[in-house]
Amino acid sequence: MSNWYLDTTLQGLRNFLRMERDSSKRAYLETLIDKLRKGIRHAEEKERDAKMIGVRNPSFDGDMVGYPEDDFDD
């Protein structure tokens, strides 16, 4: 899930980090970058999970096998 807004925000924070000389501000920026990266990773995992639910068509919560729409006729 490459999102231009998130990518440019992350790059902007990295640029500020490179320019900052104050160690407390650098630590704060590093924390923000870490949280943003974790948020991006979490969103990508949720997107992948949602895609897999659509592909597997699970019968119940936790069903990791599911079945395709065309497996059974009514």
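Calculation criteria
- Residues numbered from 1 in each chain as written.
- Predicted model: local features only at pLDDT ≥ 70, side-chain atom pairs only at ≥ 80, totals over all residues.
- Heavy atoms only, no water.
- Helix = DSSP H or I, 4+ residues; strand = E, 2+ residues; numbered from the N terminus.
- Areas by Shrake-Rupley, 256 points an atom, 1.4 Å probe, with all protein chains shown as cover.
- Buried < 20%, exposed > 50% of the residue type's maximum accessible area, 1.4 Å probe, protein only.
- Contact = heavy atoms within 4.5 Å.
- Salt bridge = Lys/Arg side-chain N within 4 Å of Asp/Glu carboxyl O.
- Core = buried A, V, L, I, M, F, W, Y, C linked by side-chain atoms within 4.5 Å.
- Expected span 1.5 Å × (residues − 1).
- Arc of directions from axis to C-beta.
- Polar contact = N/O pair within 3.5 Å; in protein donor to acceptor, adjacent residues only side chain to side chain.

Turning our attention to the overall build of the protein chain. Helix and strand counts for the protein chain come out as two helices and zero strands. Of the roughly 6,400 Å² of accessible surface on the protein chain, 54% is carried by carbon and sulfur atoms.

On to the environment of leucine 13. Inspection of the secondary structure assignment puts leucine 13 in helix 1 (residues 4–19). For leucine 13, a relative accessible area of 16% translates into the label buried. When sequence neighbours within four positions are dropped, the list of residues in contact with leucine 13 reads Leu29, Leu32, Ile33 and Leu36.

Another aspect to go through is the pattern of salt bridges. Scanning all chains against the criterion turns up three salt bridges. Residue lysine 38 is joined to aspartate 34 by a salt bridge in which the shortest nitrogen-to-oxygen separation is 3.3 Å. Linking lysine 38 with aspartate 34, this pair stays in helix 2 (residues 23–56), spanning four residues, or about one helical turn. Classification of lysine 38 as partly exposed rests on a relative accessible area of 46%. Glutamate 47 is the partner of lysine 51 in a salt bridge, and the nearest nitrogen-oxygen pair spans 3.8 Å.

Within the largest apolar cluster, seven residues are counted, these being Leu10, Leu13, Leu17, Leu29, Ile33, Leu36 and Ile40. Those elements giving two or more residues to this core turn out to be helix 1 and helix 2. For leucine 29, the contacting residues outside a window of four places in its chain are Leu13, Phe16, Leu17 and Glu20.

Given a rise of 1.5 Å per residue, 16 residues ought to cover 22 Å, and the 23 Å separating the end C-alpha atoms of helix 1 matches this to within 8%. Within the sequence span of helix 1, burial applies to Leu10, Leu13 and Leu17. Taken around the axis of helix 1, the buried residues stretch over an arc of 60°, which confines them to a single face. Along helix 1, the residues that are exposed and aim more than 90 degrees away from the buried face are Trp4, Tyr5, Phe16, Arg18 and Met19. The N-cap residue of helix 1 is asparagine 3: its side-chain oxygen and the backbone nitrogen of tyrosine 5 are 2.9 Å apart.

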